[in-house]
Amino acid sequence: MEQKINEDWVSQIKRGTLEYAVLLLICNKERYGYDLIQTLDNFSMLRTKENTVYPLLRRLLKNEYLEAYWQNMGEGIPARKYYKITKSGKMYLSQLEKDWEILVNDIYSLKEGGVER
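What comes next concerns the included structure. On a predicted model such as this, the values are computed, not experimentally measured, just so you know. (Residues numbered from 1 in each chain as written. Predicted model: local features only at pLDDT ≥ 70, side-chain atom pairs only at ≥ 80, totals over all residues. Heavy atoms only, no water.)

**What to know about the overall build of the chain**
Here is step 1: A count of helical and extended segments in the chain gives four helices and three strands.
Here is step 2: Taken from N to C terminus, the helices and strands of the chain fall in the order α-β-α-α-β-β-α.
Here is step 3: On C-alpha atoms alone, the chain measures out to a radius of gyration of 17 Å, which is more than a quarter above the 13 Å that the 2.2 N^0.38 rule sets for 117 residues.
Here is step 4: Each principal axis of the C-alpha distribution contributes one length, and for the chain these read about 60 × 40 × 20 Å.
Here is step 5: Counting over 117 residues, the chain shows a buried share of 27%.
Here is step 6: Across the chain, contacts joining residues at least 24 apart in sequence account for 47% of those joining residues at least 6 apart.
Here is step 7: Accessible area for the chain stands at about 8,700 Å²; split by element, carbon and sulfur atoms hold 51% of it.
Here is step 8: Distance between charge centres in the chain, computed from 18 positive and 17 negative side chains, equals 5 Å. (Helix = DSSP H or I, 4+ residues; strand = E, 2+ residues; numbered from the N terminus. Rg over C-alpha atoms; globule rule 2.2 N^0.38 Å. Buried < 20%, exposed > 50% of the residue type's maximum accessible area, 1.4 Å probe, protein only. Contact = heavy atoms within 4.5 Å. Areas by Shrake-Rupley, 256 points an atom, 1.4 Å probe, with all protein chains shown as cover. Lys, Arg positive; Asp, Glu negative; His and termini not counted. Charge placed at Lys NZ, Arg CZ, Asp CG, Glu CD.)

Next comes the structure, spelled out in C-alpha coordinates:
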(Lines give C-alpha, C1' and ligand atoms only; values in the text may rest on other atoms or scores of the structure.)
Protein backbone atom coordinates (compact mmCIF):
# COMPACT_ATOMS: atom_id res chain seq x y z
CA MET A 1 0.00 0.00 0.00
CA GLU A 2 2.80 2.43 0.89
CA GLN A 3 4.45 1.90 -2.52
CA LYS A 4 1.15 2.76 -4.29
CA ILE A 5 0.80 5.96 -2.29
CA ASN A 6 4.34 6.99 -3.24
CA GLU A 7 3.68 6.22 -6.92
CA ASP A 8 0.57 8.39 -6.85
CA TRP A 9 2.49 11.24 -5.25
CA VAL A 10 5.33 10.98 -7.80
CA SER A 11 2.76 10.91 -10.62
CA GLN A 12 1.19 14.12 -9.33
CA ILE A 13 4.58 15.83 -9.06
CA LYS A 14 5.43 14.85 -12.63
CA ARG A 15 2.08 16.02 -13.96
CA GLY A 16 2.52 19.37 -12.24
CA THR A 17 6.07 20.04 -13.37
CA LEU A 18 6.37 18.43 -16.80
CA GLU A 19 5.03 21.49 -18.65
CA TYR A 20 7.59 23.67 -16.91
CA ALA A 21 10.40 21.22 -17.69
CA VAL A 22 9.44 20.93 -21.38
CA LEU A 23 9.30 24.70 -21.78
CA LEU A 24 12.70 25.06 -20.10
CA LEU A 25 14.23 22.53 -22.48
CA ILE A 26 12.71 24.11 -25.59
CA CYS A 27 13.65 27.61 -24.43
CA ASN A 28 17.29 26.52 -24.28
CA LYS A 29 17.24 24.71 -27.63
CA GLU A 30 14.67 23.94 -30.33
CA ARG A 31 13.77 20.27 -30.00
CA TYR A 32 11.68 17.49 -31.50
CA GLY A 33 9.42 15.23 -29.46
CA TYR A 34 11.63 12.16 -29.18
CA ASP A 35 14.58 14.36 -28.20
CA LEU A 36 12.49 15.77 -25.35
CA ILE A 37 11.57 12.29 -24.17
CA GLN A 38 15.21 11.15 -24.26
CA THR A 39 16.41 14.25 -22.41
CA LEU A 40 13.72 13.95 -19.73
CA ASP A 41 14.69 10.30 -19.32
CA ASN A 42 17.99 11.50 -17.80
CA PHE A 43 16.06 12.88 -14.82
CA SER A 44 14.40 10.20 -12.68
CA MET A 45 11.48 12.35 -11.52
CA LEU A 46 10.78 13.61 -15.05
CA ARG A 47 10.87 10.36 -17.01
CA THR A 48 7.84 10.13 -19.22
CA LYS A 49 6.41 8.47 -22.29
CA GLU A 50 5.24 9.59 -25.72
CA ASN A 51 1.58 9.41 -24.72
CA THR A 52 2.26 12.15 -22.17
CA VAL A 53 4.66 14.41 -24.06
CA TYR A 54 2.88 14.69 -27.40
CA PRO A 55 -0.50 15.76 -25.97
CA LEU A 56 1.37 18.32 -23.85
CA LEU A 57 3.15 19.65 -26.95
CA ARG A 58 -0.19 19.90 -28.80
CA ARG A 59 -1.67 21.87 -25.91
CA LEU A 60 1.32 24.22 -25.77
CA LEU A 61 0.96 24.77 -29.54
CA LYS A 62 -2.77 25.43 -29.19
CA ASN A 63 -2.06 27.98 -26.43
CA GLU A 64 0.55 29.58 -28.73
CA TYR A 65 3.40 29.04 -26.27
CA LEU A 66 5.20 27.01 -28.93
CA GLU A 67 5.54 27.01 -32.70
CA ALA A 68 6.39 23.95 -34.75
CA TYR A 69 8.15 23.38 -38.05
CA TRP A 70 9.28 20.36 -40.03
CA GLN A 71 12.99 19.79 -40.59
CA ASN A 72 14.20 17.50 -43.37
CA MET A 73 16.92 15.20 -42.04
CA GLY A 74 18.32 13.94 -45.32
CA GLU A 75 17.60 11.21 -47.77
CA GLY A 76 16.01 8.14 -46.27
CA ILE A 77 15.51 9.77 -42.86
CA PRO A 78 12.01 10.96 -41.93
CA ALA A 79 11.51 14.68 -41.34
CA ARG A 80 11.27 15.76 -37.70
CA LYS A 81 8.81 18.17 -36.19
CA TYR A 82 10.75 20.71 -34.16
CA TYR A 83 9.28 22.95 -31.49
CA LYS A 84 10.42 26.43 -30.55
CA ILE A 85 9.17 28.76 -27.86
CA THR A 86 7.21 31.88 -28.80
CA LYS A 87 7.31 35.31 -27.21
CA SER A 88 4.09 34.40 -25.41
CA GLY A 89 5.70 31.13 -24.33
CA LYS A 90 8.67 33.00 -22.87
CA MET A 91 6.33 35.22 -20.88
CA TYR A 92 4.44 32.17 -19.64
CA LEU A 93 7.71 30.44 -18.74
CA SER A 94 8.79 33.51 -16.80
CA GLN A 95 5.60 33.31 -14.74
CA LEU A 96 6.11 29.58 -14.17
CA GLU A 97 9.65 30.31 -12.94
CA LYS A 98 8.32 32.86 -10.45
CA ASP A 99 5.64 30.44 -9.25
CA TRP A 100 8.23 27.65 -8.95
CA GLU A 101 10.51 29.85 -6.82
CA ILE A 102 7.64 30.70 -4.49
CA LEU A 103 6.69 27.02 -4.17
CA VAL A 104 10.27 25.90 -3.47
CA ASN A 105 10.75 28.68 -0.90
CA ASP A 106 7.45 27.78 0.78
CA ILE A 107 8.42 24.10 1.00
CA TYR A 108 11.83 24.96 2.44
CA SER A 109 10.19 27.25 4.99
CA LEU A 110 7.88 24.44 6.05
CA LYS A 111 10.80 22.06 6.26
CA GLU A 112 12.74 24.49 8.44
CA GLY A 113 9.99 24.73 11.00
CA GLY A 114 6.86 25.93 9.30
CA VAL A 115 7.27 29.61 10.05
CA GLU A 116 4.07 31.36 8.99
CA ARG A 117 4.37 34.43 6.85
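**Regarding a nonpolar patch on the surface**
Here is step 1: Together, Trp100, Leu103, Ile107 and Leu110 make up a nonpolar patch on the protein surface, roughly 390 Å² of accessible area in all.
Here is step 2: Structurally, Leu110 is set in helix α4 (residues 87-111). (Patch = residues over 30% accessible without salt bridge, like charges linked within 9 Å, V, L, I, M, F, W, Y side chains within 5 Å. Salt bridge = Lys/Arg side-chain N within 4 Å of Asp/Glu carboxyl O.)

**Here we look at the pairing of strand β3 (residues 80-85)**
Here is step 1: The pairing of strand β1 (residues 31-32) with β3 spans two bridges and is classified as antiparallel. Bridging from a neighbouring strand, Arg31 pairs with Tyr83 of β3.
Here is step 2: The sheet contact formed by strand β2 (residues 66-71) and β3 spans six bridges and is antiparallel. Across the sheet, residue Ala68 finds its bridge partner in β3, namely Tyr83. (Pairing = 2+ DSSP bridges.)

**Here's the deal with the sheet that holds β3**
Here is step 1: One open sheet accounts for three strands, arranged β1-β3-β2; its pairing is antiparallel. A single partner strand is all that each edge strand has here, and the edge strands are β1 and β2.

**Remarks on the packing of helix α2 (residues 33-40) against helix α3 (residues 50-62)**
Here is step 1: Direction vectors running N to C along α2 and α3 enclose 125°, while the axes themselves pass 10 Å from each other. Judged by the angle between their axes, α2 and α3 are oblique. Once α2 is placed against α3, the crossing between them reads as right-handed. Taking contact as the criterion, the partners of Gly33, Tyr34, Leu36, Ile37 and Leu40 in α2 are, on α3, Glu50, Val53, Tyr54 and Leu57. (Axes fitted to C-alpha atoms, helices over the stretch in contact; angles between N-to-C directions. Parallel < 35°, antiparallel > 145°, perpendicular 65-115°, else oblique. Left-handed = near helix turned anticlockwise from the far one by under 90°.)

**Brief notes about unusual backbone geometry**
Here is step 1: Here Glu64, not a glycine, exhibits a phi torsion of approximately 65°, which is positive.
Here is step 2: The residue Glu64 is located in the loop between α3 and β2 in this model.
Here is step 3: Overall, the relative accessible area of 55% leaves Glu64 in the exposed class.

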